[in-house]
Amino acid sequence: MGQTCNIYLHRILIHVLALATGLLINQPTYSASMEIQADAGYLYDDNITRTFDGGGKLSDQSVYANLSLPVTFPISEHTRAIVTGSLGAETFLDHGELNNLSGKIQGVFQYRDSAEFGTPTWALFAKLGVVEYQSRQRDGWIYATGLSVQKTITDKIRIFGSVSHNERDGQNSVFKNKYDGVLVNLDYDIRSLGTMYLGGEYRDGDMAISAPWWDWYPTWAPSDITSDDAFSGWSYRVKGSTKILKVGFNLPLGQSSSLDFSWNMAESSATYWTTMGNPASNGSYTTNQYFAAWLTRF
């Protein structure tokens, strides 16, 4: 990324930080509830490069922290809007080029037909953010829009589902990605012990893959492959699909904080070419992520 673009991203990020800070200090009277939400955690990822099975997979660990503030705008008896500003930071143990700082704003418009138990809440949402990495190729904007629904099935079971379109505008074409996603999540309250949750997601679209120098070199349009500035190897963009399974447990610690433990498993498949003129081949990879986090509000 050039120096001019780097300065531009810094300025954008500073504006996001200033906006979020202003929201934190000046709590408006139009908000039904004003609670700052924070989380800090640990992540272990066994395939940080998203390398195809059989390649040179690399693992890593990171610590992260996020701070967010939702502001609620009542509109009518059945509708409301929620605007959330958030800031985040993440540091990796072995691959410092993936360290990142982010600022995001999300808007949600909710509709609920009545206050009766079991009535679903429908929502339209949009998210805009900027993420800056030590890897300059990955710097850029992120966007998301979609539709969601949330419904309470019983006093213990809740279900959430969404469809979304997501884009990432990285500084290198390999990291300019688009994908569509479908997500379903089920929560189950275990009396006073906590909440178990199970989620599934399907994504279809672009993905960025990395491979070490000693691994194979795919040949396609030059705009879709680059020498990676975060790993010693290549990064390339391919079309593919990903299935994600998430299992977790949230343990309450009093009224305003909790511990959260979860496991994500992602299976991705894509089409690629190993040498010029050869027929297309199919590649796949599996990634396991383990999270431990502390969540609080104040």
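So, here is what we can say about the structure in this document. (Residues numbered from 1 in each chain as written. Predicted model: local features only at pLDDT ≥ 70, side-chain atom pairs only at ≥ 80, totals over all residues. Heavy atoms only, no water.)

1. As for the pairing of strand β3 (residues 79–92)
The line we're drawing: By the convention used here, strands pair only if DSSP detects at least 2 bridges between them. Secondary structure counts use DSSP, requiring at least four H or I residues in a row for a helix and at least two E residues in a row for a strand, with both numbered from the N terminus.
The sheet contact formed by strand β2 (residues 60–74) and β3 spans 13 bridges and is antiparallel. What sits directly across from Pro70, in β3, is Thr84. In terms of strand pairing, β3 meets strand β4 (residues 100–112) through 12 bridges, oriented antiparallel. Counted as the bridge partner of Ala81 is Phe109 from β4.

2. Here we look at the nonpolar core
For clarity, the threshold we go by: Here, the term nonpolar core denotes a set of buried Ala, Val, Leu, Ile, Met, Phe, Trp, Tyr and Cys residues that are joined through side-chain atoms within 4.5 Å. Type-normalised accessible area, obtained with a 1.4 Å probe on protein chains alone, sets the label of each residue: buried when under 20%, exposed when over 50%, and partly exposed for intermediate values. In this analysis, two residues are considered to be in contact whenever any of their non-hydrogen atoms come within 4.5 Å of each other.
Judged by nonpolar contacts, Phe52, Met207, Ile209, Ala211, Ile225, Tyr236, Val238, Ala270 and Tyr285 together constitute the single largest core of 9 residues. Those elements that place two or more of their residues in this core are β9 (194–212) and β11 (233–252). Among the elements that take part in this core, β9 stands out by supplying 3 residues, more than any other. The contacts of Tyr285, once residues within four sequence positions are left out, are Asn47, Arg50, Thr51, Phe52, Asp53, Met207, Ile209, Ala266, Glu267 and Ser268. Phe92, Leu98, Ala230 and Phe231 belong to the second largest nonpolar core, which has 5 residues in total.

3. With respect to a nonpolar patch on the surface
We count it as follows: What goes into a patch is any residue over 30% in relative accessible area without a salt bridge, connected to like charges within 9 Å or, for nonpolar side chains (Val, Leu, Ile, Met, Phe, Trp, Tyr), within 5 Å. Accessible surface is estimated by sampling points in the Shrake-Rupley manner with a 1.4 Å probe; for residues, cover comes only from the protein chains shown. The rule for a salt bridge is simple: a side-chain nitrogen of Lys or Arg has to be within 4 Å of a carboxyl oxygen of Asp or Glu.
On the surface, a nonpolar cluster with roughly 820 Å² of combined accessible area is contributed by Ile75, Phe109, Tyr111, Trp122, Leu124, Leu147, Val163, Val182 and Tyr202. Listed by contribution, the elements that provide at least two residues to the nonpolar patch are β4 and β5 (121–133). Inspection of the secondary structure puts Phe109 in strand β4.

4. Remarks on the packing of aromatic side chains
Using the following cut-off: Here a Phe, Tyr or Trp ring, Trp counted by its six-membered ring, pairs with any other such ring whose centre lies within 6.5 Å, and the pair is stacked when the planes are under 30 degrees apart, edge-to-face when over 60, and tilted otherwise.
For the coordinates displayed, the defined rule picks out 2 aromatic pairs. Centre to centre, the rings of Phe52 and Tyr285 are 6.4 Å apart; their planes meet at 35°, and the pair counts as tilted. Of the two residues, Phe52 is situated in the loop between β1 (37–45) and β2 and Tyr285 in strand β13 (residues 281–297); the sequence distance between them amounts to 233 residues. By the burial criterion, Phe52 is buried, and Tyr285 matches it.

5. Considering unusual backbone geometry
The phi dihedral of Arg50 is positive, around 55°, even though this residue is not glycine. The residue Arg50 is located in the loop between β1 and β2 in this model. When its relative accessible area of 22% is taken as the criterion, Arg50 is described as partly exposed.

Remember, this is a structural readout, not a statement about activity or role.
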